[in-house]
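Commentary on secondary and tertiary structure
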Amino acid sequence: MGLIQKFFFKTLGDHRGSLVSIESEQNVPFGLRRVFYIFATQEGVVRGLHAHRRLRQVAVCLSGSCRFILDDGKKREEVVLDKPSEGLLIDRMVWNEMHDFTPGCVLLVLADDHYDESEYIRDYGCFLKAVENAA
Ligand code: TYD
């Protein structure tokens, strides 16, 4: 199965504009415990560069665009996020990188747990070892 799994949120709207509603365990596949967003990213910056042992996340680019690289240790795929009605699943044990943020890009991330630095893998070599050990 491919690594790029997107969710297409229903856009509610009328002549005034658009609205997307994301509900825990409804249009995302897990319960939500944390929301964070990335903004004012400087030109040329690469973010992410880590995997999570347990955490599951969905990323939504609310404004502008950025390019994601997802890597499960066997294959590497990339996708551009540029629609506020689309979510990208960042599953547990998937290395993720974010590149090419446009000026003014706002990236929303929905997560199924609180912040816990101890479940991050921030070294790519350690990530590959963890993937091997889990096989
Ligand atoms: P970092 O993981 O480096 O961001 P990214 O992966 O997007 O490049 O996070 C930046 C800092 O913010 C780092 O010190 C950890 C902290 N942080 C929190 O305290 N809570 C959070 O929910 C997140 C995502 C990060």
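Let me sum up the structure you'll find in this document.

Basis of the calculations
Residues numbered from 1 in each chain as written. Predicted model: local features only at pLDDT ≥ 70, side-chain atom pairs only at ≥ 80, totals over all residues. Heavy atoms only, no water. Core = buried A, V, L, I, M, F, W, Y, C linked by side-chain atoms within 4.5 Å. Buried < 20%, exposed > 50% of the residue type's maximum accessible area, 1.4 Å probe, protein only. Helix = DSSP H or I, 4+ residues; strand = E, 2+ residues; numbered from the N terminus. Contact = heavy atoms within 4.5 Å. Near = heavy atom within 4 Å. Polar contact = N/O pair within 3.5 Å; in protein donor to acceptor, adjacent residues only side chain to side chain. Areas by Shrake-Rupley, 256 points an atom, 1.4 Å probe, with all protein chains shown as cover. Nonpolar A, V, L, I, M, F, W, Y, C, P; charged D, E, K, R; others polar.

In this structure, Ala-59, Phe-68, Leu-70, Leu-81, Phe-101 and Leu-107 are the most contacted members of the largest nonpolar core, which totals 17 residues. Breaking this core down by element, the ones donating at least two residues are β6 (57-63), β7 (66-71), β8 (76-81), β9 (86-90) and β11 (106-111). Looking at which element gives the most residues to this core, the answer is β7, with three residues. For Phe-68, the residues in contact, after removing those within four places along its chain, are Ala-59, Glu-77, Glu-78, Val-79, Leu-81, Leu-88, Ile-90, Glu-97, Met-98 and Leu-107.

With that out of the way, let us pick up the site of the ligand. Around the ligand, a shell composed of Arg-34, Phe-36, Ile-38, Arg-47, Gly-48, His-50, Tyr-115, Tyr-120 and Arg-122 is seen. The separation between an oxygen atom of the ligand and a polar side-chain atom of Arg-47 is 3.1 Å. One of the backbone N or O atoms of Gly-48 is found 3.0 Å from an oxygen atom in the ligand. Relative to its free-state accessible area of 540 Å², the ligand is covered by the protein chains to the extent of 60%. Elements that contribute at least two residues to the shell around the ligand include exactly β4 (34-38) and β5 (47-52). In terms of residue class, the shell around the ligand is built from four nonpolar, two polar and three charged.

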